[in-house]
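Read off the chains here:
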Amino acid sequence: MADVSLRKVIKRYEDVEAVRGIDLDIADHEFVVLVGPSGCGKSTTLRMIAGLEDITGGDIMIGGDLVNDVPPKDRDIAMVFQNYALYPHMTVAENMSFGLRLKHYPKAEIRSRVDEAARMLDIAELIDRKPKQLSGGQRQRVAMGRAIVRNPKVFLFDEPLSNLDAKLRVQMRIEIKKVHQKVRTTTVYVTHDQVEAMTLADRVVVMNKGRIEQIGTPNDLYHHPATRFVAGFIGSPAMNFIPCRLEDSGGGLNIRLTDRIAFPLPPARAARYQGVTRTDRLLLGLRPEHIAELKAHPEPGIEPFEAVLDVTEPMGMETLVYFTLEGAQICGRVSPNAGARAGEPLRLAVDLNNIHLLNEVTGAVI
Ligand SMILES: Nc1ncnc2c1ncn2[C@@H]1O[C@H](COP(=O)(O)OP(=O)(O)O)[C@@H](O)[C@H]1O
Ligand SMILES: [Mg+2]
């Protein structure tokens, strides 16, 4: 078991700077997910930790040892890829034990490690099959089993579930979490899927254009995003962004969206935003769950307004409603019994206790 540290790590390919100076400390036993859009440098970062790519600048430490020049096979890591990379002519057991046999582990030790991993992954009855006799999900388990039997210091996963259908992906996600709860091996997991990141990670690292935007627990990132990129990337349906400005109103502060619509800010929020220049171009960041149907006895900070709905999407336990405000499409989440109908007005309410205010120019959350 080991911690992993990256210090100012850079990767350049000729004219592309794929990774632009990353600092990251991953604790022993921790499950860290690197998430971000395609091309943001996730795989490159993971491959540098694995030693599969040389680093252009900076340092990588595993278990306190500088590994910049240590070849992959001596880093004591195990990597699981999207395309399982199983040997087709070997059985499940042979695939899983391959690395250990190469290192001349005693037969009994190999046997017991393979049995243990197979039991953990629920593939014990498949042990004598060849990969082509397995489903995609089963192959993915074998690929994980092969990593587990090596008992490495660190697991590295690169989009391991991307080839599976949606239902199986959810199931395997839970399997991976169960396995980590048992073996507790330090894990770095790469995905472009923010739901996968949120559900698996102890801490999520949001990457954008070769840099780290923000690091935090799933709840940190959801409730306290630092930038517009993170605010918009984490959460589904995505956060709404509505152009707005602040205006003084009596002793308090209003947030003005349109000529017709302005909301008084609750005192705590007003105090927080008091220093913001009134003429600054701002964005109101509002998660869909903070736009709901108007209840009979609203709490303080919940303000009513009316909108004509463009589209409704019944999801069963809730209905998503879409309407337009100053040209922006806005999504809210209402009860299935709220009487939401496309083309008709609905009394809605905004929860101003849970807003985010962003600088429109810099994208920073204020
Ligand atoms: N071998 C390579 N040669 C040149 N450019 C590369 C190479 N590998 C990756 N890149 C570039 O580096 C950037 C990051 O790639 P990658 O780490 O694979 O992104 P991600 O895994 O987040 O989708 C991309 O712009 C990609 O085109
Ligand atoms: Mg990738």
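Small disclaimer: the values here were computed from a predicted structure and weren't measured.

Engineer: It is not clear to me how the sheet that holds strand β2 (residues 16-26) should be interpreted in this structure. Could you clarify?
Structural biologist: Read from one edge of the open sheet, four strands run β2-β1-β4-β5, paired in antiparallel fashion. Strand pairing shows two members of the sheet lacking a second neighbour, β2 and β5 (65-66), which therefore form its edges. Bridge count between strand β1 (residues 4-13) and β2: eight bridges; the pairing is antiparallel. Among the inter-strand pairings, Leu6 is bridged to a residue of β2, identified as Leu24. Helix α1 (residues 42-50) rests against β1, β2 and β4 (57-62) of the sheet, and its axis sits at about 115 degrees to β1.

Engineer: Help me understand the nonpolar core in this model?
Structural biologist: It is characteristic of soluble globular proteins that their nonpolar side chains tend to be buried jointly. Val33, Met96, Ile123 and Tyr189 are the most contacted members of the largest nonpolar core, which totals 45 residues. In contact with Tyr189, other than residues within four places in its own chain, are Phe31, Val32, Val33, Leu34, Phe157, Pro160, Leu161, Ile176, Glu196 and Leu200. Leu257, Leu265, Val276 and Leu309 belong to the second-largest nonpolar core, a separate cluster that totals 32 residues.

Engineer: When you look at α1 in this model, what are you seeing that I'm missing?
Structural biologist: Every α-helical turn comprises 3.6 residues, leaving residues that sit three or four positions apart pointing alike. Counting buried positions along α1 yields seven of nine residues, so the element is predominantly enclosed. Those residues of α1 not exposed but buried are Lys42, Thr44, Thr45, Leu46, Met48, Ile49 and Ala50. Looking at the residues trailing α1, positive phi occurs at Gly51, about 90 degrees.

Engineer: Sorry if this is basic, but what is going on with the domain arrangement of the chain here?
Structural biologist: By a frequent convention, interface size equals the accessible area lost on bringing the separate parts together. Each assigned domain of the chain is listed with its residue range as follows: domain 1 (4-228) and domain 2 (240-359). The centre of domain 1, based on its C-alpha atoms, is set 40 Å off from the matching centre of domain 2. In this assembly, six residues from domain 1 lie in contact with six residues from domain 2. Counting each side, the surface lost to burial between domain 1 and domain 2 is near 510 Å², with a carbon and sulfur contribution of 53%.

Engineer: I tried to follow the pattern of salt bridges on my own but got confused; where do I start?
Structural biologist: As a working rule, side chains carrying opposite charge can pair if their charged atoms are close by. Scanning the entire structure with this criterion turns up 19 salt bridges. Taking the shortest distance from any N to any O, the salt bridge between Arg203 and Glu30 comes out at 2.5 Å. Remark: Glu30 occurs in the loop between β2 and β3 (31-35) and Arg203 occurs in strand β9 (residues 203-208); sequence separation between them is 173 residues. Given a relative accessible area of 23%, Arg203 falls into the partly exposed group. With relative accessibility at 11%, the residue Glu30 sits in the buried group.

Engineer: I keep staring at the site of ligand 1 and nothing clicks. Help me out?
Structural biologist: What surrounds ligand 1 is the set Tyr13, Ala18, Pro37, Ser38, Gly39, Cys40, Gly41, Lys42, Ser43 and Thr44. The separation between an oxygen atom of ligand 1 and a polar main-chain atom of Gly41 is 3.1 Å. The separation between an oxygen atom of ligand 1 and a polar side-chain atom of Thr44 is 2.5 Å. In the complex, 59% of the free accessible area of ligand 1, which totals 560 Å², lies under the protein chains. Sorting elements by how many residues they give to the shell around ligand 1 places α1 first, with three residues. Tallied by class, the residues present in the shell around ligand 1 amount to four nonpolar, five polar and one charged.

Engineer: Is there a simple way to think about the packing of aromatic side chains in this case?
Structural biologist: Using the criterion set out here, one finds seven aromatic pairs in the structure. Both rings, one in Phe157 and one in Tyr189, keep their centres 5.4 Å apart while their planes meet at 40 degrees; by these two values the pair is tilted. Of this pair, Phe157 sits in strand β7 (residues 154-158) while Tyr189 sits in strand β8 (residues 186-191), and the two are 32 residues apart along the sequence. Here the two residues Phe157 and Tyr189 agree in accessibility, since each one is buried. Within the aromatic cluster, the residues linked to one another by ring pairs are Phe31, Phe155, Phe157 and Tyr189. Taking the ring centre of Phe241 as reference, the NZ or CZ of Arg228 above it sits at 4.6 Å. Over the face of the ring belonging to Tyr222 we find Arg287, whose NZ or CZ atom lies 3.8 Å from the ring centre.

What counts and how
Residues numbered from 1 in each chain as written. Chains lettered and ligands numbered in written order. Predicted model: local features only at pLDDT ≥ 70, side-chain atom pairs only at ≥ 80, totals over all residues. Heavy atoms only, no water. Pairing = 2+ DSSP bridges. Helix = DSSP H or I, 4+ residues; strand = E, 2+ residues; numbered from the N terminus. Contact = heavy atoms within 4.5 Å. Axes fitted to C-alpha atoms, helices over the stretch in contact; angles between N-to-C directions. Core = buried A, V, L, I, M, F, W, Y, C linked by side-chain atoms within 4.5 Å. Buried < 20%, exposed > 50% of the residue type's maximum accessible area, 1.4 Å probe, protein only. Domains from an automatic or database assignment. Buried area = accessible area lost by both parts, 1.4 Å probe. Salt bridge = Lys/Arg side-chain N within 4 Å of Asp/Glu carboxyl O. Near = heavy atom within 4 Å. Polar contact = N/O pair within 3.5 Å; in protein donor to acceptor, adjacent residues only side chain to side chain. Areas by Shrake-Rupley, 256 points an atom, 1.4 Å probe, with all protein chains shown as cover. Nonpolar A, V, L, I, M, F, W, Y, C, P; charged D, E, K, R; others polar. Phe/Tyr/Trp six-rings, centres within 6.5 Å; stacked < 30°, edge-to-face > 60°. Lys NZ or Arg CZ within 6 Å of the ring centre and 35° of its normal.

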